[in-house]
Amino acid sequence: GATKVAMSKFDQDSYINYQRIEDNLAVVRQRYVALALSKDESRLPPPRSASACIAAGSLIQPDDLNRPLTLSEKILYGHLDNPHDADIRPGASYLKLRPDRVACQDATAQMALLQFMSAGLPTVAVPTTVHCDHLIEAQIGGVKDLARAKDINKEVYDFLATCTAKYGIGFWKPGSGIIHQIILENYAFPGGLMIGTDSHTPNAGGLGMIAVGVGGADAVDVIADLPWELKCPKRIGVKLTGKISGWTTPKGASLSIPPPLPRVLLDGISADGNHPADVILKVAGILTVKGGTGAIIEYFGEGVTSLSCTGMATICNMGAEIGATTSLFPYNERMGGYLDATGRSEIRKYAERFQHNLRTDENAEYDQVIEINLSELEPHINGPYTPDLATPLSKFAQAVKDNNWPDKLSVGLIGSCTNSSYEDMSRSASIAEEAAAHGLKVQSGFTITPGSEQIRATIERDGQMEKLESVGGVVLANACGPCIGQWDRQDVPKGTKNSIITSYNRNFTGRNDANTATHAFVASPDLVTAMVFGGSLSFNPMTDSLKGADGKEFKFSDPSGKELPPRGYDAGENTYAAPPADRASVNVIVDPKSDRLQLLEPFKPWDGKDPKDLPILIKAKGKCTTDHISAGGPWLKYRGHLENISQNCLIGAINEANGEANKVQNQFTGEWDGVPQVAAQYRDQGIGWVVIGDENYGEGSSREHAALEPRYLGGTAVITRSFARIHETNLKKQGMLPLNFKNPADYDRVKSDDKVDLIGIKDLAEGSEVTLRVHHKDGKTEDLPLTHTFNAGQIEWHRAGSALNRMAQAAK
Ligand code: F3S
């Protein structure tokens with residue numbers, strides 16, 4: 001009979017579907033490809049099933065997918081929306097996938113949920129959770145900080161709590177812990193596919209799940225039942241040999257050190273010889289700049305099982321720092337043990353039945369293979385804020401001197417989503433215990449952020465917390481805290497040069513404490529903990545001694561810790577709110593006076609006409625990234641309030657007319673004003689407008705605000721030499737018209753004070769041409785050909801006014 005295994009204890013009505021992976025793979029492996037396409041057909045993806053090929057009159061041959069597949073291929077193809085017809089070309093085509101679940105953190109969830117609400121759909125299409133972790137500021141200690149955060153963020157939390165209840169989403173309240181730790185403890189499962197609105201979502205790869213960090217727009221698609229698009233990833237195989245072991249690396253620094261790493265690779269890579277974090281440092285050293293971009297990093301080899309499940313999660317978490325789509329480990333007994341310990345033996349058994357799909361096929365090929373001997377890794381420390389430096393521990397003291405970094409350590413911080421497992425905490429506690437036995441207390445500040453309430457309660461019960469506190473550690477709330485700059489730091493005034501060391505994953509300038517003079521270093525939790533007793537950066541716990549209270553010198557032993565709690569986890573306080581059975585009566589709370597949150601009105605459908613006489617809001621010159629279109633920083637406070645955040649729309653773009661940012665001319669009044677102001681003036685007069693853009697317009701992040709804002713301010717079209725693909729799609733989703741000059745040189749033919757007509761919108765079809773009729777100020781007119789990349793489904797989005805409107809129509 002059919003096995004039904006619930007996806008989690010909180011999702012009793014949603015089941016893991018290993019059979020779908022099996023079935024999809026069978027389809028994919030038996031596909032055919034059409035030969036000899038006519039010229040006309042070659043534009044389109046070829047039909048993939050034998051019958052479709054024959055119907056199209058094409059000759060057929062078996063597709064090449066009947067070959068050994070890697071693990072990531074199996075999981076991805078196992079989640080295809082259209083296994084029969086999908087165009088599958090790693091590094092080239094786009095896959096339409098059906099993820100098993102969605103996770104959002106509290107900052108990015110706001111706009112995603114507001115958008116979802118505006119569609120009027122009754123419930124999310126897949127199991128979804130929201131996690132309150134990013135908005136809690138560290139000040140005094142866990143309990144008080146949490147109470148303060150609940151007060152400061154009340155409007156956001158009230159909104160998220162009621163909105164999740166209304167639409168069937170699981171809600172993890174403030175204090176529950178960090179999204180990725182809670183996912184690993186409760187939701188991740190081998191062979192699953194998840195998207196999350198946070199860049200360290202790949203953490204769940206430690207449990208064999210393909211988990212990808214995405215922008216809010218992707219999350220909205222999936223919860224509204226649209227398939228999720230992912231560029232078919234390349235595969236990088238990392239073969240692990242040898243064994244990871246205690247921190248004393250065999251024979252010191254015999255290992256060749258990776259060359260100075262490119263910035264993008266190094267930012268936030270922590271390292272310590274015997275900590276899993278060092279593995280990713282090594283991977284980063286071998287791959288070149290952005291070496292992981294567009295690829296899934298798949299680990300395999302006999303070294304894998306020397307890593308704990310949470311250690312594998314750490315490695316996957318930090319893979320985000322080298323640009324990888326995600327990282328992934330094959331199912332193994334360490335995962336099985338973790339599933340048992342977290343109350344999911346049913347999932348372990350089920351996974352074992354389908355193990356053949358949860359590992360790479362023999363002889364499968366990767367695009368690139370790297371080999372790493374775990375026995376040879378050396379501890380590294382990364383930073384400071386010019387993150388071009390990964391220094392081996394053995395050379396670090398010298399580097400501190402040479403570079404004149406402040407040697408005195410002011411604060412050591414452990415925890416974060418990267419390094420806050422029971423094992424990490426136990427190892428740190430073992431170091432604290434040894435120091436305490438010699439009568440020592442910390443010589444610098446020392447903070448601990450448990451990854452979840454479950455970790456906090458378990459280390460409290462099992463005594464690790466007491467050990468950490470008794471030496472002077474301060475346990476902060478179960479949240480991101482100082483990792484995301486939520487740190488009301490009082491020990492040094494802003495602007496004072498000082499050093500901190502963390503076990504987090506990123507160390508941008510000012511990220512932790514908004515003090516650009518703070519030198520932030522990153523290392524393993526073991527090293528951070530040892531160093532707070534040394535009180536200086538130049539203390540090397542592997543080789544240097546400390547003086548105990550009795551005057552006797554001692555050296556730290558190897559840190560040791562239990563991988564899993566011998567008495568099982570203690571769930572602690574209940575911090576989860578399941579959506580209620582009766583959701584009809586739930587009212588979503590949005591304070592109409594709030595400046596942080598605002599309900600969204602659905603955008604108006606297209607009026608059915610070709611747009612005419614549109615002014616050019618701005619002709620942007622040169623680079624125009626999503627940061628130019630929707631700036632971050634202080635604006636992020638308004639990410640849930642479209643009207644307020646729209647005040648940053650295109651303020652970074654350079655106006656070709658005057659070479660200035662945020663200064664454009666209203667073509668009707670002649671007045672010069674800011675870009676968002678003029679856009680709103682046009683909108684309020686009922687006048688649509690266009691943006692003219694240069695090359696690769698909208699590159700950068702997938703920030704959905706960059707598409708929502710111009711639409712909100714009444715924009716009709718964005719016409720460029722070329723688009724960054726994600727932004728182009730985001731514009732389509734919001735009902736805008738992203739169009740391209742057929743001849744990129746025509747960009748120069750349009751002037752900022754021209755008016756334009758768009759001819760051919762009425763007949764918009766896949767591959768159709770649109771004409772830009774330009775009315776120059778001198779009365780002359782010229783026609784310029786435009787192209788577009790709309791497919792039939794996306795044209796429906798435009799007609800309906802947005803993709804969400806379309807989904808709402810379809811649901812009726
Ligand atoms: Fe939070 Fe820092 Fe992780 S911000 S999700 S703890 S990287």
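Keep in mind that what you see is a predicted model, and the values were worked out from it rather than measured.

What counts as what
Residues numbered from 1 in each chain as written. Predicted model: local features only at pLDDT ≥ 70, side-chain atom pairs only at ≥ 80, totals over all residues. Heavy atoms only, no water. Pairing = 2+ DSSP bridges. Helix = DSSP H or I, 4+ residues; strand = E, 2+ residues; numbered from the N terminus. Axes fitted to C-alpha atoms, helices over the stretch in contact; angles between N-to-C directions. Buried < 20%, exposed > 50% of the residue type's maximum accessible area, 1.4 Å probe, protein only. Contact = heavy atoms within 4.5 Å. UniProt positions renumbered as here; feature names shortened; annotations may be inferred. Near = heavy atom within 4 Å. Nonpolar A, V, L, I, M, F, W, Y, C, P; charged D, E, K, R; others polar. 1 Å grid on protein atoms, 1.4 Å probe; cavity = no way out; pocket = protein on both sides within 12 Å on 5 of 7 lines; lining within 4 Å. Points joined across faces, edges and corners; volume = space filled by probe spheres on them.

### Comments concerning the sheet that holds strand S13 (residues 368-373)
And step 1. Pairing is parallel across the open sheet formed by 4 strands, whose spatial order is S12-S11-S10-S13. Edge positions in the sheet fall to strand S12 (326-328) and S13, since each has one partner strand and no second. Ignoring strand direction, the axes of neighbouring strands in this sheet form an average angle of 20 degrees.

### Quick notes on helix H16 (residues 453-461)
And step 1. Within H16 the residues assigned to the buried category are Glu453, Gln454, Ile455, Ala457, Thr458 and Ile459.
And step 2. Residues of H16 that are buried make contact with helix H7 (179-187), helix H15 (422-437) and helix H17 (464-470).
And step 3. Remark: Gly463 follows H16 within two positions and exhibits a positive phi of approximately 95 degrees.

### Topic: the UniProt feature "domain: Aconitase A/isopropylmalate dehydratase small subunit swivel" (unreviewed entry) in the protein chain
And step 1. Annotation from UniProt places "domain: Aconitase A/isopropylmalate dehydratase small subunit swivel" (unreviewed entry) at residues 615-743.
And step 2. When the span residues 615-743 is considered, its composition is 27% helix and 19% strand, and the gap between its end C-alpha atoms is 21 Å.

### A short note on the site of the ligand
And step 1. What surrounds the ligand is the set His134, Ile178, His180, Asp198, His200, Ser416, Cys417, Cys480, Cys483, Ile484, Asn505 and Arg511.
And step 2. Of the residues contributing to the shell around the ligand, the split by class is 5 nonpolar, 5 polar and 2 charged.

### So, empty space enclosed by the protein
And step 1. Scanning all chains against the criterion turns up 7 cavities of 30 Å³ or more.
And step 2. Surrounding the largest cavity, Gln115, Ala217, Val220, Asp221, Leu226, Lys733, Gln734, Ser802, Ala803 and Leu804 form its lining.
And step 3. Contributing elements (two or more residues each) for the lining of the largest cavity: helix H8 (216-223) and helix H25 (803-811).
And step 4. Here the lining of the largest cavity gets 3 residues from one element, more than from any other, and that element is H8.
And step 5. Partitioning the lining of the largest cavity into residue classes produces 5 nonpolar, 3 polar and 2 charged.
And step 6. Of the pockets and cavities examined, the second largest cavity occupies roughly 60 Å³.
And step 7. What lines the second largest cavity is Gln181, Leu184, Asn203, Thr310, Ala313, Thr314, Cys417, Thr418, Asn419, Ser420, Ser421 and Asp424.
And step 8. Mapped onto the lining of the second largest cavity, the elements with two or more residues apiece are H7 and helix H11 (309-319).
And step 9. For the lining of the second largest cavity, the leading source of residues is H11, giving 3 residues.

### Structural notes on the layout of surface pockets
And step 1. Counted as a void, the second largest pocket has a volume near 920 Å³.
And step 2. If you go around the second largest pocket, you meet 37 residues; those closest to its centre are Lys604, Pro605, Arg711, Gly714 and Gly715.
And step 3. For the lining of the second largest pocket, the secondary-structure elements that each account for two or more residues are helix H4 (106-118), helix H21 (675-684), helix H22 (705-712), strand S28 (715-720) and H25.
And step 4. At 3 residues, the largest contribution of residues to the lining of the second largest pocket is made by H22.

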